[in-house]
Amino acid sequence: MENILYLVIPCYNEEAVLPETAARLHKKMGDLVRQGKIDKKSRIIFVNDGSEDRTWELICGLHQKDKVFGGINLSRNRGHQNALLAGLMTVKEYADMVISMDADLQDDINAMDAMVEKYLNGTDIVYGVRSSRERDSFFKKATAEGFYKAMNAMGANTVFNHADYRLMSRRALEGLSQYGEVNLFLRGIVPMIGYSTDVVYYERGERFAGESKYPLGKMLSFAVEGITSLSTKPIRMITGLGFFIFIVSIGMLIYSLVRHFTGATIVGWTTLMVSVWAIGGLILLSLGVVGEYIGKIYLETKARPRFIMEQFLNDEENDEEERNGW
Ligand code: UDP
Ligand code: MG
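On a predicted model such as this, the values are computed, not experimentally measured, just so you know. (Residues numbered from 1 in each chain as written. Chains lettered and ligands numbered in written order. Predicted model: local features only at pLDDT ≥ 70, side-chain atom pairs only at ≥ 80, totals over all residues. Heavy atoms only, no water.)

The subject of this paragraph is the sheet that holds strand β8 (residues 309-313). Spatial strand order, β7-β5-β6-β4-β1-β2-β3-β8: eight strands in an open sheet with mixed pairing. Here the strands that pair on one side only, and so sit at the sheet edges, are β7 (197-203) and β8. For this sheet, the mean inter-axis angle between neighbouring strands, taken without regard to orientation, is 20°. As judged from the six bridges shared by strand β1 (residues 5-11) and strand β2 (residues 43-48), these two strands associate in the parallel manner. Looking across to β2, one finds that Leu7 is bridged to Ile44. Along the sheet, helix α3 (residues 80-91) contacts β1, β2, β3 (69-74), β4 (97-100), β6 (162-169) and β8; its crossing angle with β1, the most-contacted strand, is approximately 155°. (Pairing = 2+ DSSP bridges. Helix = DSSP H or I, 4+ residues; strand = E, 2+ residues; numbered from the N terminus. Axes fitted to C-alpha atoms, helices over the stretch in contact; angles between N-to-C directions. Contact = heavy atoms within 4.5 Å.)

Glancing now at helix α8 (residues 216-230). With 15 residues, α8 should cover 21 Å at 1.5 Å per step; its first-to-last C-alpha distance of 21 Å lies within 8% of that length. The set of residues buried in α8 consists of Met219, Phe222, Ala223, Gly226, Ile227, Thr228, Ser229 and Leu230. (Expected span 1.5 Å × (residues − 1). Buried < 20%, exposed > 50% of the residue type's maximum accessible area, 1.4 Å probe, protein only.)

In this section: the coordination of the magnesium ion (ligand 2). Looking at the metal site, the magnesium ion (ligand 2) is ligated by Asp104 (OD) and Gln106 (OE1), spaced 1.9 Å from it. Neither residue differs from the other here; Asp104 and Gln106 are each classed as buried. (Donors = N, O, S within 2.8 Å, 3.2 Å for Na, K, Ca; no water.)

This next bit is on the environment of Asn77. For Asn77, the location among the structural elements is in the loop between β3 and α3. Of the residues examined, Asn77 reaches a relative accessible area of 28% and is grouped as partly exposed. Residue contacts for Asn77: discarding those within four places in its chain leaves Tyr12, Asp49 and Gly50. In this structure the side chain of Asn77 is engaged in a polar contact, spanning 2.9 Å, whose partner is the backbone oxygen of Asp49. (Polar contact = N/O pair within 3.5 Å; in protein donor to acceptor, adjacent residues only side chain to side chain.)

Shown next as structure tokens:
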């Protein structure tokens, strides 16, 4: 069996970090090649997710100088998950295993050794899990951990503190390719694939240049996407709430009838106002949640493409000696 490893790295406006990332990854992968753990045909593929800066020019430059670098240019910005999927689905034809990671190297690249080791011992999916978030700001840590907890409480089962730093074997990727949904939430789908899985712990560092592309707003919408694309629990919660309010209203009915027949009915303006607002709010909220799912159904029935590739640069063959290599 050959052990060709492809790295897939989504990049959105990452010109500030790209040269450094490329250099460090080149060194890391080169070490793995020299240790005989991975094949010489291993490659590093950057996915340009419609960046507005010079990211794609940088990727083309890397590819021209050194054949170990490749690139995928998407036709426009489609977001992290789609960019990642585009990379995974494109390289799965060439690789035996694929590791996905972020461009900012917040995920410790030294964890790759353990991931590859586990793959060589027959594991199909290896999750990179953050053992500590000491270097994240308190706010980022609290929101991010709240995110995982909320997801699980809402019925979207994900691996705690695992982002998209993971190794997948070719057959796991084949499995993933059979999930045709447009509303794709990789962290929730990958655990559904099955096969043997394992975990590698690492410390999460700081983004060393550039800014986070996931501000709070994006993270919240990411959580809503994740929950509504994986579970129908929120709809069931609404049903439960509706049922509870119905029971309460029967109580209210009996109460007001009693008050009516005992002749004391003028009081109650406050209660009336409060309940009108509260019930109105709940109805709107519930409609919103239901609408969220209908929106999802709408998009799924259209079955639009999840990404469109404009260009793919890759040298799968190993014979072009003049363009460097490991
Ligand atoms: N990213 C992307 N498309 C987007 C937003 C982000 O491909 O629309 C990439 C980004 O370049 C990075 C990764 O997704 O490689 C994670 O983003 P970031 O590091 O900004 O998120 P954080 O680590 O702050 O959660
Ligand atoms: Mg980051």
